[in-house]
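The primary structure of each chain is shown beneath.
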Amino acid sequence: MTYDRNAVSPAPPGLRLLPWENDTGKPCYLSTNDAEGTLAQLADEIEEDQLRDGADVLKGARAVLADHKSGEHALRHALRAATQVLGDVLRVADSRGARLPAPDDGVSDGDDGQGDAVGPQLTAEAFG
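Residues numbered from 1 in each chain as written. Predicted model: local features only at pLDDT ≥ 70, side-chain atom pairs only at ≥ 80, totals over all residues. Heavy atoms only, no water.

With respect to helix α1 (residues 38-66)
Part 1 of the reasoning: The end-to-end C-alpha distance of α1 is 42 Å, a good match for the 42 Å that 29 residues give at a rise of 1.5 Å each.
Part 2 of the reasoning: Buried residues of α1: Ala40, Ala43, Glu47, Gln50, Gly54, Ala61 and Val64, and no others.
Part 3 of the reasoning: Where α1 is buried, its residues contact β1 (15-21), β2 (27-31) and α2 (72-98). (Helix = DSSP H or I, 4+ residues; strand = E, 2+ residues; numbered from the N terminus. Expected span 1.5 Å × (residues − 1). Buried < 20%, exposed > 50% of the residue type's maximum accessible area, 1.4 Å probe, protein only. Contact = heavy atoms within 4.5 Å.)

Structure, rendered in structure tokens:
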């Protein structure tokens, strides 16, 4: 399964992007009216598995990169696995992001509407 977020339109209102595709590679959706149903629970479990797999692949890819003796085959395998799980994680992020409630006051992102960020500010020195 591959996920190209540029090729997939955002989920239509009232639909959830599922963590799998149909047999022709098209995205699958579920009505959010069935947010507690069996299919929604299965989708939640698969998303959790995909996120866990992503963490495992990241750990393995870091190990391959840290090993200066890793050959081309190991690097290609790590990159192939990383691109697969990155696609899965992006699908999960897009699906979950689309289901977040819209902010109700328009200022919840730390923007006061005046162009200046609200909240504590760090100097460049704080970042080393």
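Overview of α2
Part 1 of the reasoning: The end-to-end C-alpha distance of α2 is 38 Å, a good match for the 39 Å that 27 residues give at a rise of 1.5 Å each.
Part 2 of the reasoning: Listed as buried for α2 are Ala78, Val85, Gly87, Asp88, Arg91, Val92 and Ser95.
Part 3 of the reasoning: Tucked inside the fold, the buried residues of α2 contact β1, β2 and α1.

Things to note about the environment of arginine 16
Part 1 of the reasoning: Relative to the helices and strands, arginine 16 is located in strand β1.
Part 2 of the reasoning: Here arginine 16 falls in the buried class, since its relative accessible area comes to 5%.
Part 3 of the reasoning: Each C-alpha atom of the pair arginine 16 and serine 95 lies 6.3 Å from the other, and the pair is 79 residues apart in sequence.
Part 4 of the reasoning: Beyond its immediate stretch of four places on either side in the chain, arginine 16 contacts Cys28, Tyr29, Leu30, Thr32, Ala40, Ala43, Asp44, Glu47, Ser95 and Arg99.
Part 5 of the reasoning: A polar contact of 3.3 Å, which involves the side chain of arginine 16, links it to the side chain of glutamate 47. (Polar contact = N/O pair within 3.5 Å; in protein donor to acceptor, adjacent residues only side chain to side chain.)

Structural notes on the pattern of salt bridges
When charged atoms on two side chains of opposite charge get close, those side chains can pair.
Part 1 of the reasoning: This model, assessed by the stated rule, comprises nine salt bridges.
Part 2 of the reasoning: Linking arginine 5 and aspartate 94 is a salt bridge whose minimum nitrogen-to-oxygen distance equals 2.3 Å. With arginine 5 in the segment before β1 and aspartate 94 in helix α2, this pair connects stretches of sequence that are 89 residues apart.
Part 3 of the reasoning: Given the relative accessible area of 40%, arginine 5 is considered partly exposed.
Part 4 of the reasoning: Measuring nitrogen to oxygen at the nearest pair gives 2.8 Å for the salt bridge that ties arginine 76 to glutamate 72. One end of the pair is arginine 76 and the other is glutamate 72, both in helix α2 and four residues apart, which spans about a single turn. An identical accessibility class is assigned to arginine 76 and glutamate 72; each is exposed. (Salt bridge = Lys/Arg side-chain N within 4 Å of Asp/Glu carboxyl O.)

As for the confidence of the model for the chain
Part 1 of the reasoning: Confidence along the chain averages 86 in pLDDT terms, with 84% of residues attaining 70 or more.
Part 2 of the reasoning: In the model of the chain, β2 stands out as the element of lowest mean pLDDT, 92, in contrast to α1, which has the highest, 96. (pLDDT = per-residue confidence, 0-100.)

Details of the nonpolar core
If you look at soluble globular proteins, the nonpolar side chains tend to sit buried side by side.
Part 1 of the reasoning: Within the largest apolar cluster, five residues are counted, these being Leu18, Cys28, Leu30, Ala40 and Ala43.
Part 2 of the reasoning: Residue assignment for this core shows that the elements contributing at least two residues are β2 and α1. (Core = buried A, V, L, I, M, F, W, Y, C linked by side-chain atoms within 4.5 Å.)

Brief notes about the side chain of glutamate 47
Part 1 of the reasoning: Mapped onto the elements of the fold, glutamate 47 is located in helix α1.
Part 2 of the reasoning: We classify glutamate 47 as buried; its relative accessible area is 1%.
Part 3 of the reasoning: Every residue in contact with glutamate 47, bar those within four places of it in the chain, is listed here: Arg16, Leu17, Pro19, Val92, Ser95, Arg96 and Arg99.

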